[in-house]
Amino acid sequence: MAKVPVYNIEGQQIGEIELNDSIFNVPINTHVLHQAVIAHLANRRQGTFAAKTRAEVRGGGRKPWRQKGTGRARQGSIRAPTWRKGGVVFAKKPRDFSIDLPKKVKRLALKCALSSKVKENNLIVLDRWDMNQYKTKEVLRVLKNLGLENQKALIVIPEKNEYLQKSTKNLPEVKTLQVGNLNVFDILKYDKFVILQDAVKKVEEVYA
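Residues numbered from 1 in each chain as written. Predicted model: local features only at pLDDT ≥ 70, side-chain atom pairs only at ≥ 80, totals over all residues. Heavy atoms only, no water.

Engineer: What is the right way to read the packing of aromatic side chains from this model?
Structural biologist: For any pair of aromatic rings, geometry is given as the distance between the ring centres together with the angle between the planes. Under the criterion given, the structure shown has 3 aromatic pairs. Between W65 and W83 the ring centres are 5.9 Å apart and the planes differ by 40 degrees, which places this aromatic pair in the tilted class. On the criterion of sequence distance, the pair formed by W65 in the loop between α2 (30–44) and α3 (103–119) and W83 in the loop between α2 and α3 is long-range, its members being 18 residues apart. You can call W65 buried: its relative accessible area is 18%. For W83, a relative accessible area of 28% translates into the label partly exposed. Summarising the aromatic geometry, the rings of Y134 and Y163 are spaced 4.8 Å apart at their centres and angled 50 degrees between planes, so their arrangement reads as tilted. Of this pair, Y134 sits in the loop between β3 (123–126) and α4 (136–145) while Y163 sits in helix α5 (residues 162–167), and the two are 29 residues apart along the sequence. Owing to a relative accessible area of 34%, Y163 belongs among the partly exposed residues under this scheme. Across the ring face of F97, the terminal group of R45 is positioned such that the distance to the ring centre comes to 3.7 Å. In this arrangement the basic side chain of K92 is found over the ring face of F49, its NZ or CZ atom lying 5.1 Å from the centre. (Phe/Tyr/Trp six-rings, centres within 6.5 Å; stacked < 30°, edge-to-face > 60°. Helix = DSSP H or I, 4+ residues; strand = E, 2+ residues; numbered from the N terminus. Buried < 20%, exposed > 50% of the residue type's maximum accessible area, 1.4 Å probe, protein only. Lys NZ or Arg CZ within 6 Å of the ring centre and 35° of its normal.)

Engineer: Where do I start with the environment of S167 in this structure?
Structural biologist: Within the secondary structure layout, S167 lies in helix α5. Looking at S167, the relative accessible area reads 1%, which means it is buried. Separated by 162 residues in the primary sequence, S167 and P5 have C-alpha atoms spaced 26 Å apart. When near neighbours in sequence (up to four residues on either side) are disregarded, S167 contacts M131, Q133, Y134, K135, T136 and V139. (Contact = heavy atoms within 4.5 Å.)

In structure tokens form, the structure reads like this:
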């Protein structure tokens, strides 16, 4: 099993942790990662847009002028697509964009994403991170101690911590996730993967 350092919030190494090779040291399958990212982005789409065709726009039942003799182009309705306030030619309608991946593919993709962070030395394990107040400055201080200034970082916690989660909300380069919400897209999107020691155990319990 691979060993990685464990740090405290002051940036000091206080020990090591062994990572399960079946999760953090699997061959990287780029095709599976691509499938997982595409599915994640598709599943985020609401698909609630709607536009009206010329048949659905109110009005336009009367021919605006006679067919011949006016010198103007023939028109059959003021709700034709060429008219202002007319219908849309290929109107968008509500639809479901979701893509359902097999469970084995989802699990493999997550393992590949985690393994890529270990192989690139972008995984940082923290022993604990307790916050009892909303303070973005404290989050920035800890990230600075870990050498993550001006870097995109994903922080993974074992359970809900409202103080930490809300303290990172106004930092565009930082995101906090609970283990249950871990996904391939966010793992790959952020350069550094910061995970609490208890969260590592939870990941291994679920995916080993």
